[in-house]
Amino acid sequence: MTAPLLIASLESAPVGSRFGPYASERANSRPISRQPVTQQRQPSAASYDPSPLELIWSSLLESLHQGVIVTSRSLNPVYWNAKARTLCQHLSGSEFPPLELPTAVSEVCHRLMRVEQTTDRPFVMECCAPNGQTIRISARWLCLKHDQPNVRSSGREQPYILILLENCNDLLREELRIEQKKYDLTDREAEVWMLLRKEYTYQEIAKILQISLNTVKTHVKNVYAKRRSCQGREKFWCCD
């Protein structure tokens, strides 16, 4: 999901449910609202029945391959989906789900707050988790709607930060799985193509796969030929 779509979903959802089931885990987490809190009466957790729209947005956020976190300027998370919790657990090297942002994520947010920025362009960093996974962290100000059109606040005036987490290794494997289906690559061709995408040399690929250099070159030639054959025409395929 793109950031504008996520922001639109948070704004359109009822105030009491914008940050999902984890919003109550921190006492200092508060919902975003343009109205005084005294004018709103939230149903108790025992009697609250979420609307179909709330269930849709909750399911949508939980189904994303990206980790999604919304945090205050004090870096207290007010929402994170299950994927975000898993990736934060990888970053912290802990066996248990985290209760606060890992150091790497906090550093990206601090850098965002130190930079004077009036656009919604993200601050991005990639870091290596203790388990060897490469995690891409993207942080940007969560721009809410204003009463007056065409009026934007500076970054310092935005109360919340949107953080997206992606496992680069998983993304590459997913892309290669799709390309293998799309271009009818053999398993060996897919292996060679994956290592080539990771910027290994032909000699390194031959050593890793224990095949000759000429065999590597042949596989690469076949991959490029299959990719060229699909250019300019539509093709349908079914992913597992």
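What counts and how
Residues numbered from 1 in each chain as written. Predicted model: local features only at pLDDT ≥ 70, side-chain atom pairs only at ≥ 80, totals over all residues. Heavy atoms only, no water. Pairing = 2+ DSSP bridges. Helix = DSSP H or I, 4+ residues; strand = E, 2+ residues; numbered from the N terminus. Axes fitted to C-alpha atoms, helices over the stretch in contact; angles between N-to-C directions. Buried < 20%, exposed > 50% of the residue type's maximum accessible area, 1.4 Å probe, protein only. Contact = heavy atoms within 4.5 Å. Core = buried A, V, L, I, M, F, W, Y, C linked by side-chain atoms within 4.5 Å. Parallel < 35°, antiparallel > 145°, perpendicular 65-115°, else oblique. Left-handed = near helix turned anticlockwise from the far one by under 90°. Nonpolar A, V, L, I, M, F, W, Y, C, P; charged D, E, K, R; others polar.

Caption draft 1: Seen up close, the sheet that holds strand β1 (residues 67-72). One open sheet accounts for five strands, arranged β2-β1-β5-β4-β3; its pairing is antiparallel. Bordering the open sheet on either side are β2 (77-80) and β3 (123-128), each of which pairs with just one other strand. Direction aside, the axes of adjacent strands within the sheet are offset by 20 degrees on average. Pairing geometry for β3 and strand β4 (residues 134-141), over six bridges, is antiparallel. Its bridge partner being in β4, Met125 is matched across the sheet by Ile137.

Caption draft 2: Fine view of the side chain of Ser138. By the element assignment, Ser138 lies in strand β4. Judged by its relative accessible area of 14%, Ser138 is buried. Ignoring anything within four residues of it in the chain, the contact list for Ser138 reads Pro122, Phe123, Val124, Leu162, Ile163 and Leu164.

Caption draft 3: Structural detail: the nonpolar core. Among the nonpolar cores identified, the biggest contains 22 residues, and Ile69, Ile137, Ile161, Ile163 and Leu165 are the most heavily contacted of them. Of all elements in the fold, only α3 (82-92), α4 (103-114), β4 and β5 (160-167) reach the threshold of two or more residues within this core. Examining the composition of this core, we find that five residues originate from one element, α4, more than from any other. With sequence-adjacent residues up to four places away left out, Ile69 is seen in contact with Pro77, Tyr79, Trp80, Ala84, Cys88, Leu101, Ile161, Leu162, Ile163 and Leu165. Formed by 16 residues, the second largest nonpolar core is a distinct cluster that contains Trp193, Ala206, Val220 and Cys230.

Caption draft 4: Highlighting the packing of helix α6 (residues 187-197) against helix α7 (residues 202-209). Here α6 crosses α7 at 135 degrees, and the two axes come no closer than 10 Å. When the interaxial angle is binned, α6 and α7 end up oblique. Crossing handedness for the pair α6 and α7: right-handed. Contacts from Arg188, Glu191, Val192, Leu195 and Leu196 of α6 reach α7 at Tyr202, Ile205, Ile208 and Leu209. Residue classes in the contact of α6 with α7 are distributed as seven nonpolar, no polar and two charged.

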